[in-house]
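Listed here are the chains, written in short residue letters.
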Amino acid sequence: MTAPALPGDRRAPARAAAPRRAALRAKYAWDTDPRLAPLRLRWDAALRTAHPLTACSPPRSPVRLRYTGLHDGARHILPFLARQGVETTAARTGAPGEPADIELSGVPARQAGPPGPACVVLPFRIQLDVPVGDGPEALRARICDRERRAFKARRTAARWTWHIGTSPHAFDHFYEHMHLPTMRRRHGAAARSLPPALAYECLFRRGILFFLAQDGVRVAGVLCARPRDGRVLTMRLLGVLDGARQYYTGGAVRALTHFALEWACENGCASVGLSGCEPFLSKGIFQFKQRFHPECRLPDDHFGGKRLVLRVLRDTPAVRDFLAANPLIALGDDGLEALYFHDADRPPRTGLAWRCPGIRRARHVPLDTFARGLPREDGPPRGGRP
């Protein structure tokens, strides 16, 4: 049975005519080519949101957030907040609404400025890359011991094997029966992906499709981009068969990452891009990828020139809950740093790991100091997570 399309996916035929292929390559370059990043940044800055987007958490823990600025925030930042239990809505023009507790602004880097009181400047997104050019021993030493042992044991127990898919049918099977249902099941209405024609032309025809097989049956796949020089392999689209939870919990996605790293190490690549994510340590994808000890840095594409400015406007128990539950990756004076917020009722959430090359330090930020001077709304300390 064919999987339903993602929202907005018109199900364009994967095999496009030559003029259409050129247009697809141009669109992909506009989104990803570092050489076009300055132009793309200027374009996005000119088209920033005309009206604020607001996000409100459930009534039992009211955190009122307002987002303004670059359009990317509606696709990247607000969906993350929604997964933390925050409901996101578009503000109506002229509607007064409630005053915001936290304001998020997406801006070009040159407009971010130094952070002021109760303010933090974040990368808009971060990039995670694993160097593989120093050989298999160096790669094994990079991956944490617990992860290596777990993969080895599960690989034997599940009789995992892997292979590369090269036919159009392999792409169709991956996209229709793995990628789409996985995105739909994991992200629902917030799911986003590349349309099939673009994925076929710009990833499959120029990149590599890895399949994971269990007892001879393909149960997961990942489609990777690879530039002409072949030096970097970037994991872009992934999925498990029918989006089934059993393959996620069974470690199929982790296995694909191991196999892609092994292949890249053996085939002359310098690094493997694990893609990126929003600058929150509570992001599950960051915690998963951190096990491979990737280098964390600003992206090479247009996101590298964008910043997210987080400004707290009111000091409330729910705001403190939110900040303590979601440690940040911020831009310090000399690079990236992890920030753990805390107070007497909310300990720093240090169970969320931060250590990887590129993040220079972790700082514990007392909320009493950070929020000093803000309008305050008292309430019972919860110490919980939103």
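Now for a description of the structure that goes with this document. It should be emphasised that the depicted structure is a prediction, and the values quoted were computed from it without experimental measurement.

1. Description of the overall build of the chain
Working step 1: Along the chain, the regular secondary structure elements total 13 helices and 16 strands.
Working step 2: Here the analysis covers contacts within the chain between residues at least 6 apart in sequence; of these, 76% occur between residues at least 24 apart.
Working step 3: Accessible surface, the chain: about 18,300 Å² in total, of which carbon and sulfur atoms supply 53%.

2. Topic: helix α10 (residues 252-266)
Working step 1: Helix length check: α10, at 15 residues, gives a terminal C-alpha distance of 21 Å against a target of 21 Å (1.5 Å per residue), a fit within 8%.
Working step 2: Residues of α10 that are buried: Ala252, Val253, Ala255, Leu256, Thr257, His258, Phe259, Ala260, Leu261, Trp263, Ala264 and Cys265.
Working step 3: After α10 finishes, the residue glycine 268 shows a positive phi value of roughly 80°.

3. Description of helix α8 (residues 196-204)
Working step 1: Summarising burial for α8: nine of the nine residues are buried, a large majority.
Working step 2: Burial in α8 covers these residues: Pro196, Ala197, Leu198, Ala199, Tyr200, Glu201, Cys202, Leu203 and Phe204.
Working step 3: Looking at the buried side of α8, the elements it contacts are α1 (18-32), β7 (160-165), α7 (168-187), β8 (208-214), β9 (217-225) and β10 (232-240).

4. Topic: the packing of α7 against α8
Working step 1: At a minimum axis separation of 11 Å, α7 and α8 run at an interaxial angle of 125°. By the angle between their axes, α7 is oblique relative to α8. Here the hand of the crossing between α7 and α8 comes out right-handed. Here α7 contributes Pro168, Phe171 and Tyr175 to the contact with α8, which in turn contributes Pro196, Ala199, Tyr200 and Phe204.
Working step 2: Taken together, the residues of the contact of α7 with α8 break down into seven nonpolar, no polar and no charged.

5. A few points about the sheet that holds β10
Hydrogen bonds between backbone atoms are what pair the strands of a sheet, whose relative direction is either parallel or antiparallel.
Working step 1: Judged by pairing direction, the sheet is mixed, and its seven strands sit side by side in the order β7-β8-β9-β10-β11-β6-β12 without closing on themselves. Unpaired on one side and paired on the other, β7 and β12 (295-297) mark the two borders of the sheet. On average, each strand axis in the sheet is inclined to that of its neighbour by 30°, with strand direction left out of account.
Working step 2: Bridging between strand β6 (residues 126-131) and β12 involves three bridges; their strand directions are antiparallel. The partner of aspartate 129 across the bridge, within β12, is glutamate 295.
Working step 3: The strands touched by α10 are β6, β7, β8, β9, β10 and β11 (271-277); relative to β8, the strand with the most contacts, the crossing angle is about 130°.

6. Quick word on the pattern of salt bridges
Working step 1: With the rule as written, the count across this model stands at 32 salt bridges.
Working step 2: Arginine 314 is paired through a salt bridge with aspartate 101; the nearest N and O atoms lie 2.8 Å apart. Here the residue arginine 314 occupies a position in the loop between β13 (306-312) and α12 (317-325), and aspartate 101 occupies one in the loop between β3 (87-90) and β4 (102-108), the gap between them amounting to 213 residues. One exposure class covers both arginine 314 and aspartate 101, and it is buried.
Working step 3: For aspartate 321, the salt bridge identified is with arginine 346, shortest N-O distance 2.7 Å. Of this pair, aspartate 321 sits in helix α12 while arginine 346 sits in the loop between β15 (335-342) and β16 (359-366), and the two are 25 residues apart along the sequence.
Working step 4: Arginine 346 gets classed as buried once you look at its relative accessible area, which sits at 4%.

7. Here's the deal with the packing of helix α6 (residues 145-158) against α10
In a packed pair of helices, the relevant descriptors are the angle between the two axes and the axis-to-axis distance.
Working step 1: One way to put it is that α6 packs onto α10 with a least axis distance of 11 Å and a crossing angle of 105°. By the angle between their axes, α6 is roughly perpendicular relative to α10. Seen from α6, the contacting residues are Glu147, Ala150, Phe151 and Arg155; seen from α10, they are Arg254, Ala255, His258, Phe259 and Glu262.
Working step 2: Of the residues belonging to the contact of α6 with α10, the class tally is four nonpolar, one polar and four charged.

8. A look at the side chain of aspartate 72
Working step 1: Along the chain, aspartate 72 falls in helix α3 (residues 72-83).
Working step 2: Relative accessible area serves as the criterion here: at 4%, aspartate 72 is assigned to the buried category.
Working step 3: A polar atom in the side chain of aspartate 72 sits 2.5 Å from the side chain of lysine 306.
Working step 4: The residues touching aspartate 72, leaving out its near neighbours within four places in the chain, are Arg40, Asp44, Ile77, Phe124, His302, Phe303 and Lys306.

9. Things to note about the pairing of β15
Looking along a regular strand, one sees the side chains alternate between the two faces of the sheet.
Working step 1: Within β15, six of the eight residues are buried, leaving the element largely enclosed by the surrounding structure.
Working step 2: The pairing of strand β14 (residues 328-332) with β15 spans five bridges and is antiparallel. Paired with isoleucine 329 across the two strands is alanine 338, which belongs to β15.
Working step 3: Counting the residues in the hairpin turn of β14 and β15 gives two residues.

10. Things to note about empty space enclosed by the protein
Working step 1: Going through the model one piece at a time under the given rule, you end up with one cavity of 30 Å³ or more.
Working step 2: Quantified by volume, the largest cavity comes out at close to 40 Å³.
Working step 3: Together, Val312, Arg314, Asp315, Thr316, Val319, Arg320, Leu323, Leu367, Phe370 and Ala371 line the largest cavity.
Working step 4: Looking at which element gives the most residues to the lining of the largest cavity, the answer is α12, with three residues.
Working step 5: Taken together, the residues of the lining of the largest cavity sort by class into six nonpolar, one polar and three charged.

Reading the values: the criteria
Residues numbered from 1 in each chain as written. Predicted model: local features only at pLDDT ≥ 70, side-chain atom pairs only at ≥ 80, totals over all residues. Heavy atoms only, no water. Helix = DSSP H or I, 4+ residues; strand = E, 2+ residues; numbered from the N terminus. Contact = heavy atoms within 4.5 Å. Areas by Shrake-Rupley, 256 points an atom, 1.4 Å probe, with all protein chains shown as cover. Expected span 1.5 Å × (residues − 1). Buried < 20%, exposed > 50% of the residue type's maximum accessible area, 1.4 Å probe, protein only. Axes fitted to C-alpha atoms, helices over the stretch in contact; angles between N-to-C directions. Parallel < 35°, antiparallel > 145°, perpendicular 65-115°, else oblique. Left-handed = near helix turned anticlockwise from the far one by under 90°. Nonpolar A, V, L, I, M, F, W, Y, C, P; charged D, E, K, R; others polar. Pairing = 2+ DSSP bridges. Salt bridge = Lys/Arg side-chain N within 4 Å of Asp/Glu carboxyl O. Polar contact = N/O pair within 3.5 Å; in protein donor to acceptor, adjacent residues only side chain to side chain. 1 Å grid on protein atoms, 1.4 Å probe; cavity = no way out; pocket = protein on both sides within 12 Å on 5 of 7 lines; lining within 4 Å. Points joined across faces, edges and corners; volume = space filled by probe spheres on them.

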